[in-house]
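Observations on the three-dimensional arrangement
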Amino acid sequence: MVRRWLSIAFAICATAILVVPPAAALVLPTPRAFVSNLDLDCFKTNPYQPPTTTLTLRHLNPQLGDLPIQQVTLGAREQLCVPVAKNNVIPPPGVLDFVRFVDLSCYRVTGPSVNRTLVLHHLNPVLQNQPRKQVVLNQPQQLCVPVVKNGVVPSAEVLSVIRHIDLECYGFTPNPLMNQVLNLRQLNPVLANVPPANVQVLAARQLCVPVQKRGDEIPAATLNIVRWLDLEKYDVGAAATAPITLNLRHLNPVLGHLPGETATLTGRNQLAVPVAKNGMIPPG
């Protein structure tokens, strides 16, 4: 009888979601360390329309905290954005444990223009040579929400941060060219077999800013990190890549009821890099 129960227990464990444990207990990185080291390689996906889902959003960053609460409805999935290192500059230990699991699935949304003028400057050390720019935020275009790929779930400490990352992406003008070649290297273990690749970074296209979905209770320590997460998206030119099919599952509690999705990555089209707004640097 004991042997039979052991066999059943083993079978259950064999089908469980794979959890990637940390080497040791992790300490939350500072907001500046986390944000400055997060770069996302955004791939187009095959079309997918999630079940009708309406969300109530409010802005988290102090620079946009006066904007009104809004409602959006999830449209078609357009992208999956996955963590990368630029020019082989790897995030430091303790930060890498967190940023390598930031996978965001981006869905089309619409809303009124906010017509907000902001001055952006780069936070990542690889792009410190880029000048500051003034942009005007227009209409929201996407909502990017956290997912896990192929059932590979990070440790509890990492999950406590990444499951609360929701970014609303606004189009803006003007759209200046960066015109710089960067080498991108995948950081997430699921895509470790994707070789490094060069991309030509082109026009600045969107600013993705942190929001909170009604019903998502964000712990104070996590809120102190995610509220500073502003990513500027650039169009990129890149060589064609072989399609990659992944299974996605939502991490944020508000979307946990949605079914799993199958996403086929069909090619790179944007790179998201960290910026600060109006000279307000994340603390730390």
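Provided above is the structure to which this section pertains.
Regarding the nonpolar core
Phe34 and Ile165 are the most contacted members of the largest nonpolar core, which has 38 residues in total. Broken down by element, this core gets its largest block of residues, 3 residues, from helix H4 (residues 156-162). Among residues more than four places away in sequence, those in contact with isoleucine 165 are Phe34, Val102, Leu104, Cys144, Val145, Pro146, Val226 and Leu229. Counting 24 residues, the second-largest nonpolar core is a separate cluster that includes Leu67, Val84, Val236 and Val275.

Description of the environment of aspartate 235
Summarising the element assignment, aspartate 235 is placed in strand S13 (residues 231-238). Residues aspartate 235 and leucine 271 lie 36 residues apart in sequence; the distance between their C-alpha atoms is 6.5 Å. Discounting residues that sit within four places of it in the chain, aspartate 235 has contacts with Gln200, Val201, Leu202, Ala203, Arg205, Asn269 and Gln270.

Remarks on the pairing of strand S4 (residues 70-73)
On a regular strand, each side chain points to the face opposite its neighbour's, so the side chains alternate between the two faces of the sheet. Here S4 shows one buried face, formed by Gln70 and Val72, and one open face, formed by Gln71 and Thr73. The pairing of strand S3 (residues 54-59) with S4 spans 4 bridges and is antiparallel. Considered in S4, the bridge of threonine 56 is made with glutamine 71.

Things to note about the pattern of salt bridges
For the structure on display, the rule yields 10 salt bridges. For arginine 108, the salt bridge identified is with glutamate 78, shortest N-O distance 2.9 Å. Of this pair, arginine 108 sits in strand S6 (residues 104-108) while glutamate 78 sits in strand S5 (residues 77-86), and the two are 30 residues apart along the sequence. Residue glutamate 78 is classed as partly exposed on the basis of its relative accessible area, which comes to 25%.

Re the pairing of strand S7 (residues 116-122)
When you tally the buried positions in S7, you get 5 out of 7 residues, the bulk of the element. Pairing of S7 with strand S8 (residues 133-149) involves 5 bridges; the strand directions are antiparallel. Residue pairing for S8: leucine 118 is matched across the bridge by valine 135.

Description of the state of the cysteines
For the coordinates displayed, the defined rule picks out 3 disulfides. In this model cysteine 106 forms its disulfide with cysteine 144; the gap between the sulfur atoms is 2.1 Å. Between cysteine 106 and cysteine 144 the disulfide shows an S-S torsion of about 110°. By sign, it is right-handed. Highlighted residues: cysteine 106 in strand S6 and cysteine 144 in strand S8, separated in sequence by 38 residues. Neither cysteine 106 nor cysteine 144 differs from the other in exposure class; each is buried. Sequence-ordered numbering of the disulfide-bonded cysteines in the protein chain gives the connectivity 1-2, 3-4, 5-6.

A few points about the side chain of glutamine 142
Locating glutamine 142 in the fold gives a position in strand S8. When its relative accessible area of 3% is taken as the criterion, glutamine 142 is described as buried. At 2.9 Å, the side chain of glutamine 142 forms a polar contact with the side chain of glutamate 78. At 2.6 Å, the side chain of glutamine 142 and the side chain of lysine 233 are in polar contact.

Observations concerning unusual backbone geometry
At the junction of threonine 173 and proline 174, the peptide bond is cis and its omega measures out at -5° in the coordinates. Mapped onto the elements, proline 174 comes out in the loop between strand S10 (167-173) and strand S11 (177-186). The backbone of asparagine 87 shows a phi angle near 50°, a positive value even though the residue is not glycine. Relative to the elements of secondary structure, asparagine 87 occurs in the loop between S5 and helix H3 (96-99). Its identity is not glycine, yet asparagine 150 carries a phi of approximately 55°, on the positive side. Inspection of the secondary structure assignment puts asparagine 150 in the loop between S8 and strand S9 (152-153).

Analysis parameters
Residues numbered from 1 in each chain as written. Predicted model: local features only at pLDDT ≥ 70, side-chain atom pairs only at ≥ 80, totals over all residues. Heavy atoms only, no water. Core = buried A, V, L, I, M, F, W, Y, C linked by side-chain atoms within 4.5 Å. Buried < 20%, exposed > 50% of the residue type's maximum accessible area, 1.4 Å probe, protein only. Helix = DSSP H or I, 4+ residues; strand = E, 2+ residues; numbered from the N terminus. Contact = heavy atoms within 4.5 Å. Pairing = 2+ DSSP bridges. Salt bridge = Lys/Arg side-chain N within 4 Å of Asp/Glu carboxyl O. Disulfide = S-S within 2.5 Å. Polar contact = N/O pair within 3.5 Å; in protein donor to acceptor, adjacent residues only side chain to side chain.

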